Amino acid sequence: MSLVAFAPLTTSFARPAKATSRSAQLLRIDGNRLRGVAWMFAKSVRIDWEYLPDFPSAAGKEVVIATYDLAYKPTCIAAGLGGRLYVAGVDQEGDTIIERWDFEYPNWPVTRAVALERSSVITASKEQVSGRHGVANMFPLFANDRIVVKFSDSNEVWMQRAICGGWEKVASPTDTSVLHVPALAQVHRHSDTLVHVTDGVFLSLGSLEANELIYLVDSNYDNSVDRFMVLGQGEAEAAGYKARESWVPY
């Protein structure tokens, strides 16, 4: 396990320039009352720490903006259980970096927006390996700090079975010795971890260009992918996968 030093955060009440990410990652700290919305920038991650006193109404919402500087360019962020944030990127030496950020929780009960300091930054992976260079999508599985990653150079999906542990290939657009999913060759702008009411844990990848969804499925909740589906938007809707009631909180 590698702990790294990090710069203190800076806070602001004014919104800075546009982020480089296309979607936000939501960190739930105190249910839905205190939460953080994370965005990527060129050399930093911004988190809008929000306090919603009358959830689910946004009336009276307070926001404190915190900027966390990085020594590398981020390419992907993903929210984990308990308000953790996973941040991946590539540094000047070409190393692919994956970090897990833990935050210092404020005194309870929370009654206002507050920017949380990081209590630790753990480097889960820092390496230059062909086939595992650059992180395009990332899925924390929450069990024993497992994460599933789609890498940019190979479009393959790999699982790290423990924080700072080894890697196992899960699926590939070309390698038939694992789950063979040719559709992984597409660029996927949207990714999410979902739990179906009956069918297991779904790692969802969405491609606007191909107008389709890839579901990598853990049918029996053992933290391993055992099957996949590639569905067009209409097929996903017909199967009930577009309906909110088909899913439960993860």
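Asks: I tried to follow the overall build of the chain on my own but got confused; where do I start?
Replies: When helices and strands are tallied, the chain shows 1 helix and 20 strands. Counting over 250 residues, the chain shows a buried share of 51%. Contacts in the chain between residues far apart in sequence, at least 24 positions, make up 43% of those at least 6 positions apart. Here the chain displays about 11800 Å² of accessible surface, and carbon together with sulfur accounts for 51% of that area.

Asks: When you look at the pattern of salt bridges in this model, what are you seeing that I'm missing?
Replies: Applying the stated rule across the entire model yields 10 salt bridges. When the shortest N-O distance is used, the salt bridge between Lys-126 and Asp-91 registers 3.4 Å. A residue pair is termed long-range when its members are at least 10 positions apart, and Lys-126 in strand β10 (residues 118-127) and Asp-91 in the loop between β8 (85-90) and β9 (96-103) qualify at 35 residues. For Lys-126, a relative accessible area of 49% puts it in the partly exposed group. Since its relative accessible area comes to 11%, Asp-91 is described here as buried. A salt bridge links Arg-161 to Glu-168, with the shortest nitrogen-to-oxygen separation between them at 2.5 Å.

Asks: Got a minute to help me understand the pairing of strand β5 (residues 44-51) in this structure?
Replies: Moving residue by residue along a regular strand, the side chains alternate between the two faces of the sheet. Burial analysis of β5 places 8 of its 8 residues in the buried class, which makes it a mostly covered element. Alternating positions in β5 separate into two faces, Ser-44, Arg-46, Asp-48 and Glu-50 on one and Val-45, Ile-47, Trp-49 and Tyr-51 on the other, with burial throughout. The pairing of strand β4 (residues 34-40) with β5 spans 7 bridges and is classified as antiparallel. Considered in β5, the bridge of Trp-39 is made with Arg-46. Between the end of β4 and the start of β5, which pair antiparallel, lie 3 residues. Here 8 bridges tie β5 to strand β6 (residues 62-69), and the two strands are oriented antiparallel to one another. By the bridge assignment for β6, Ile-47 is matched with Ala-66.

Asks: Would you mind showing me how to read the packing of aromatic side chains here?
Replies: Here a ring pair, both rings aromatic, is described through the centre-centre distance and the interplanar angle of the planes. Going through the model one piece at a time under the given rule, you end up with 10 aromatic pairs. Ring plane angle 80° and centroid distance 6.0 Å describe the contact between Tyr-68 and Phe-103, whose orientation is recorded as edge-to-face. In this pair, Tyr-68 is assigned in strand β6 and Phe-103 in strand β9, connecting sequence segments 35 residues apart. Tyr-68 gets classed as buried once you look at its relative accessible area, which sits at 1%. Here Tyr-241 and Trp-247 contribute two aromatic rings whose centre-to-centre distance is 5.9 Å and whose plane-to-plane angle is 40°, an arrangement assigned as tilted. This pair shows no difference in class: Tyr-241 is buried, exactly as Trp-247 is. Put simply, the rings of Trp-49, Tyr-68, Trp-101 and Phe-103 touch in pairs and so form one group of aromatic residues. One Lys or Arg, Arg-132, reaches over the ring of Trp-158 and ends 4.8 Å from the middle of that ring.

Asks: For this particular structure, what's the right way to read the sheet that holds strand β17 (residues 200-207)?
Replies: Each strand in a sheet pairs with its neighbour through backbone hydrogen bonds, running either in the same direction (parallel) or in the opposite one (antiparallel). Taken in spatial order, the 5 strands make up an open sheet running β19-β18-β17-β16-β20, and their pairing is antiparallel. Every other strand in the sheet has two partners, leaving β19 (227-232) and β20 (247-248) as the edge strands with one partner each. Pairing geometry for strand β18 (residues 212-218) and β19, over 6 bridges, is antiparallel. Bridge pairing links Leu-213 to Leu-231 in β19.

Asks: When you look at the side chain of His-196 in this model, what are you seeing that I'm missing?
Replies: Along the chain, His-196 turns up in strand β16 (residues 190-196). What makes His-196 buried here is its relative accessible area of 8%. Within the local environment of His-196, its side chain forms a polar contact with the backbone nitrogen of Asp-199, the two atoms lying 3.1 Å apart.

Asks: Could you clarify how one ought to interpret the nonpolar core in this entry?
Replies: The tendency in soluble globular proteins is for nonpolar side chains to be buried side by side. Core analysis: the largest hydrophobic core is formed by 25 residues, its most contacted members being Val-45, Ile-47, Trp-49, Leu-85, Val-87, Trp-101 and Phe-103. Contributing elements (two or more residues each) for this core: β4, β5, β6, β8 and β9. For this core, the element with the highest residue contribution is β5, accounting for 4 residues. When neighbours within four sequence positions are excluded, Phe-103 is seen to be in contact with Leu-27, Ile-47, Trp-49, Tyr-68, Gly-83, Leu-85, Leu-116, Glu-117, Arg-118 and Ser-119.

Asks: Can you walk me through the layout of surface pockets in this structure?
Replies: Within this model, the second largest pocket holds a volume of roughly 290 Å³. As for the second largest pocket, its lining consists of Asp-192, Leu-194, Ser-204, Leu-213, Tyr-215, Gln-233, Tyr-241, Lys-242, Ala-243, Arg-244 and Trp-247. For the lining of the second largest pocket, the secondary-structure elements that each account for two or more residues are β16 and β18. Within the lining of the second largest pocket, the residues separate by chemical class into 6 nonpolar, 2 polar and 3 charged.

Cut-off values and rules
Each chain carries its own residue numbering, running from 1 in the direction its sequence is written. Where totals are concerned, whole chains, interfaces and linings use all residues; where local detail is concerned, this predicted model gives features only for residues with pLDDT of at least 70, and gives and counts side-chain atom pairs only at 80 or more. Excluding hydrogens and water, the side-chain values take into account all heavy atoms of the structure. Under the DSSP-based scheme used, a helix requires at least four consecutive residues in state H or I and a strand at least two consecutive residues in state E, with every element numbered from the N terminus. Here's how the labels work: a residue is buried when its accessible area is under 20% of the maximum for its type, exposed when over 50%, partly exposed in between, all with a 1.4 Å probe on protein chains only. The contact definition used throughout considers only heavy atoms, calling two residues in contact when any of these lie within 4.5 Å. Surface exposure here means Shrake-Rupley accessible area, sampled with a 1.4 Å probe, where a residue is shielded only by the protein chains that are shown. Salt bridges, as used here, are contacts in which a Lys or Arg side-chain nitrogen is within 4 Å of a carboxyl oxygen on Asp or Glu. Think of it this way: DSSP has to see at least two bridges between two strands before they count as a pair. Aromatic pairing here means that ring centres of Phe, Tyr or Trp (its six-membered ring) are within 6.5 Å. Orientation follows from the plane angle: under 30 degrees is stacked, over 60 is edge-to-face, and everything else is tilted. A ring is scored as having a charge over it whenever the NZ atom of a lysine or the CZ atom of an arginine sits within 6 Å of its centre and within 35 degrees of its normal. Each polar contact in these results corresponds to two N or O atoms within 3.5 Å; when the atoms are within protein, one needs to be able to donate a hydrogen and the other to accept it, and residues that are neighboring in sequence are counted only if both atoms are side-chain atoms. In plain words, nonpolar cores are sets of buried Ala, Val, Leu, Ile, Met, Phe, Trp, Tyr and Cys residues tied together by side-chain atoms within 4.5 Å. The method works on a 1 Å grid over the protein atoms by themselves. A cavity is a set of points holding a 1.4 Å probe that cannot get out, a pocket is an open set with protein on both sides within 12 Å along at least five of seven lines, and residues with an atom within 4 Å of a point line them. Grid points are joined across faces, edges and corners, and a volume is the space filled by probe spheres set on the points. In this classification, Asp, Glu, Lys and Arg are treated as charged, Ala, Val, Leu, Ile, Met, Phe, Trp, Tyr, Cys and Pro as nonpolar, and every other residue, Gly included, as polar.

It is worth stressing that arrangement in space is one thing and function is another; only the former is reported here.
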